Amino acid sequence: MNFFKCTACGGCCSGDGSVFLYPEDIRSLAENFKMPLQEFIDKYTDFVILEYCEEGTSFSYLPYIIMKKENDACIFLKSKKCSIHDFKPFQCKNTPFVSEFFTDDEWRKYLMKHCPALMRLKEEDLEQYKPLAQISDEKNQSYEFLLRQNGYSLEKILGVTLPEPKIIPVGS
């Protein structure tokens, strides 16, 4: 059996996609940078709302704070290396082993052809990483519960002021 060992190539940190930050990620990052929460958010993040179209007629909205990007890469990717590796956020720690990796065959096959660490694995090696997808799902469920408890207000949860969000349509 082969094991996943990130090669730190920086491929996950650039291109399409965003790093979604949970409130505890933001607090941890601000603490590690020895910055007030508001200053960290203003300097390193963007506020977005994902707009989901359900059954063509109704919409749901989920607010997220995401890591800023520079030149189509994470703001913390320096010389193709993660400058916050020792305290990187949850999503970064668990990539690529999220639910979509196991349910979207096309995406998984693409990653397995392009990620140096995944290239070393066979399909049967991946089974051992399914529990990470479950942890990711549970984290998302906890986040959505926290949002519901707080009227979907990240400002209330974090005690900060956020700019106007960018609305991002998801699906059709």
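It should be emphasised that the depicted structure is a prediction, and the values quoted were computed from it without experimental measurement. (Residues numbered from 1 in each chain as written. Predicted model: local features only at pLDDT ≥ 70, side-chain atom pairs only at ≥ 80, totals over all residues. Heavy atoms only, no water.)

S.K.: Now, about the sheet that holds strand 2 (residues 45-54): what can you tell me, with residues and values included?
M.R.: Strands in a sheet are paired, the pairing made by backbone hydrogen bonds, and the direction either parallel or antiparallel. Pairing in this open sheet of four strands is mixed, and the strands run 1-3-2-8 from one edge to the other. Strand pairing shows two members of the sheet lacking a second neighbour, strand 1 (20-21) and strand 8 (166-170), which therefore form its edges. Relative to strand 3 (residues 58-67), strand 1 is paired through two bridges, and the arrangement is antiparallel. Bridge pairing links Leu-21 to Ile-65 in strand 3. (Pairing = 2+ DSSP bridges. Helix = DSSP H or I, 4+ residues; strand = E, 2+ residues; numbered from the N terminus.)

S.K.: Give a description of the pattern of salt bridges that names residues and reports values.
M.R.: In total, this model carries five salt bridges according to the counting rule given. For Glu-127, the salt bridge identified is with Lys-130, shortest N-O distance 3.4 Å. Here the salt bridges do not stand alone but share partners, grouping Asp-105, Arg-108 and Glu-123 into one network. (Salt bridge = Lys/Arg side-chain N within 4 Å of Asp/Glu carboxyl O.)

S.K.: Give me the lowdown on a nonpolar patch on the surface, citing residues and values where you can.
M.R.: On the surface, Phe-59, Tyr-61 and Ile-167 cluster together to form a nonpolar patch covering roughly 300 Å² of accessible area. Tracing the backbone shows Tyr-61 in strand 3. Of the residues examined, Tyr-61 reaches a relative accessible area of 43% and is grouped as partly exposed. (Patch = residues over 30% accessible without salt bridge, like charges linked within 9 Å, V, L, I, M, F, W, Y side chains within 5 Å. Areas by Shrake-Rupley, 256 points an atom, 1.4 Å probe, with all protein chains shown as cover. Buried < 20%, exposed > 50% of the residue type's maximum accessible area, 1.4 Å probe, protein only.)

S.K.: Would you mind going over unusual backbone geometry in detail, with residue names and values included?
M.R.: Of note, the amide linkage connecting Thr-95 to Pro-96 takes the cis form, showing an omega dihedral of 10 degrees. Relative to the helices and strands, Pro-96 resides in the loop between helix 3 (90-94) and helix 4 (99-103). Despite not being glycine, Lys-80 shows a phi value in the positive range, around 65 degrees. Note on placement: Lys-80 falls in the loop between strand 6 (77-78) and strand 7 (81-82).

S.K.: I'd love a proper account of the nonpolar core, names of residues and values included.
M.R.: Of all hydrophobic cores here, the largest spans 34 residues; its most connected members are Ile-65 and Met-67. Secondary structure elements with two or more residues in this core: helix 1 (23-32), helix 2 (37-44), strand 2, strand 3, strand 5 (73-74), helix 7 (130-149) and helix 8 (154-158). Each residue touching Met-67, except ones within four places of it in the same chain, is listed here: Val-19, Leu-21, Leu-29, Tyr-44, Cys-74, Ile-75, Phe-76, Ile-84 and Pro-89. In terms of nonpolar packing, the next biggest core, distinct from the first, is built from twelve residues, Cys-115, Leu-118, Leu-121 and Ala-133 among them. (Core = buried A, V, L, I, M, F, W, Y, C linked by side-chain atoms within 4.5 Å. Contact = heavy atoms within 4.5 Å.)

S.K.: Break down helix 1 for me, with residues and values.
M.R.: Of all the positions in helix 1, only Pro-23, Asp-25, Ile-26, Leu-29 and Ala-30 are classed as buried. Buried residues along helix 1 cover an arc of 160 degrees about the axis, so they all sit on one side. Those residues of helix 1 hidden inside the fold are in contact with strand 1, helix 2, strand 3, helix 3, helix 7 and helix 8. Once helix 1 finishes, Lys-34 follows within two positions and takes phi at roughly 55 degrees, a positive value. (Arc of directions from axis to C-beta.)

S.K.: So what's going on with the environment of Leu-29? Which residues, and what values?
M.R.: Of note, Leu-29 is situated in helix 1. Along the backbone, Leu-29 and Ile-135 are 106 residues apart, and their C-alpha atoms lie at a distance of 21 Å.

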